[in-house]
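Overview (structure and organization)
Single-letter residue listing:
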Amino acid sequence: MMRGMATVNFYADDLEAAKDWYTEVFGIPPYFQVPGGYYEFRIGDYQQEFGIIAGAYAPKGRQAPGGAILHWHVDDLQSCFDRLLELGATVYDPITERGVGTGFVTASVVDPFGNVLGIMSNPHYVEVLAETGPVAASA
């Protein structure tokens, strides 16, 4: 049984540029690295792992942009979307309400390295967070 998102991995041919870009996006440096091959961040209320892997290790046949879109909950969708575009991402899917009046609103961008990054306003996420609280950041 699936219990929760553990790690999401993106690929980048320019690993150092990707590390720098996501450090700017997240506002924190990676907490773990494998020199020349991998950087990992812990982000969000539950300290989910976000990894960047050198493009040389991407599965054969991978085409960018591609794959499933994982949407990260954000408090201010428009501001986050605008900031990602200012940092060099391009629109993949514009801000779109999913089900009139439900509060679920999504958007996605393609990062400068060809990966699709999804963001959303998700009332369910807010409800769960209110019940559980965030996980304290690891030292």
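For the structure, see preceding data.
Conventions adopted
Counting restarts for each chain: residues are numbered from 1 in the order of the written sequence. Totals for whole chains, interfaces and linings use every residue, but because this is a predicted model, local features are given only for residues with pLDDT of at least 70 and side-chain atom pairs only at 80 or more, for both listing and counting. Side-chain numbers here rest on the full set of heavy atoms in the structure, without hydrogens or water. At least two bridges found by DSSP between two strands are what make those strands a pair. A run of H or I in DSSP counts as a helix once it spans at least four residues, and a run of E counts as a strand once it spans at least two, with each numbered from the N terminus. Here, axes are lines fitted to C-alpha atoms. For helices the fit covers the stretch in contact, and angles between N-to-C directions go from 0 to 180 degrees. Here, two residues are considered to be in contact whenever any of their heavy atoms come within 4.5 Å of each other. Only protein chains enter the area calculation, which uses a 1.4 Å probe; residues under 20% of their type maximum are buried, those over 50% are exposed, and those in between are partly exposed. Each patch is built from residues that are more than 30% exposed by relative accessible area and take part in no salt bridge. Like charges join if they lie within 9 Å; nonpolar side chains (Val, Leu, Ile, Met, Phe, Trp, Tyr) join within 5 Å. Only the protein chains shown count as covering a residue, and every accessible area follows the Shrake-Rupley method with a 1.4 Å probe. Each salt bridge in this description consists of a side-chain nitrogen of Lys or Arg and a carboxyl oxygen of Asp or Glu lying within 4 Å of one another. Joining through side-chain atoms within 4.5 Å is the link that ties buried Ala, Val, Leu, Ile, Met, Phe, Trp, Tyr and Cys residues into a set, and such a set is a nonpolar core.

1. Section: the sheet that holds strand β3 (residues 38-43)
In space, the four strands of this open sheet follow the order β1-β4-β3-β2, with mixed pairing throughout. Lying at the two open borders of the sheet, with one neighbouring strand each, are β1 (7-12) and β2 (32-34). The mean angle between the axes of side-by-side strands here comes to 20°, regardless of whether they run parallel or antiparallel. Across six bridges, the pairing between β1 and strand β4 (residues 48-54) is parallel. The partner of T7 across the bridge, within β4, is E49. Along the sheet face, helix α1 (residues 15-26) touches β1, β3 and β4 and points at about 10° away from the line of β3.

2. Let's talk about the side chain of S108
Its location among the elements puts S108 in strand β7 (residues 105-110). The class for S108 is buried, based on a relative accessible area of 1%. With sequence-adjacent residues up to four places away left out, S108 is seen in contact with I69, F81, T90, V91, Y92, D93, V116, L117 and G118.

3. Quick word on a nonpolar patch on the surface
There is a patch of nonpolar side chains on the surface, built from Y31, F32 and V34 and spanning about 270 Å² of accessible area. Of note, F32 is situated in strand β2. Here F32 falls in the partly exposed class, since its relative accessible area comes to 40%.

4. What about the nonpolar core?
General note: in soluble globular proteins, nonpolar side chains tend to be found buried as a group. W21, Y22, F50, I52, L84, L117 and I119 are the most contacted members of the largest nonpolar core, which totals 26 residues. Put simply, the parts of the chain that give this core at least two residues each are β1, α1, β3, β4, α2 (77-86), β7 and β8 (116-121). Sort the elements by how many residues they give to this core and α1 lands first, with five residues. With sequence-adjacent residues up to four places away left out, L84 is seen in contact with W21, V25, A89, V109, L117 and I119.

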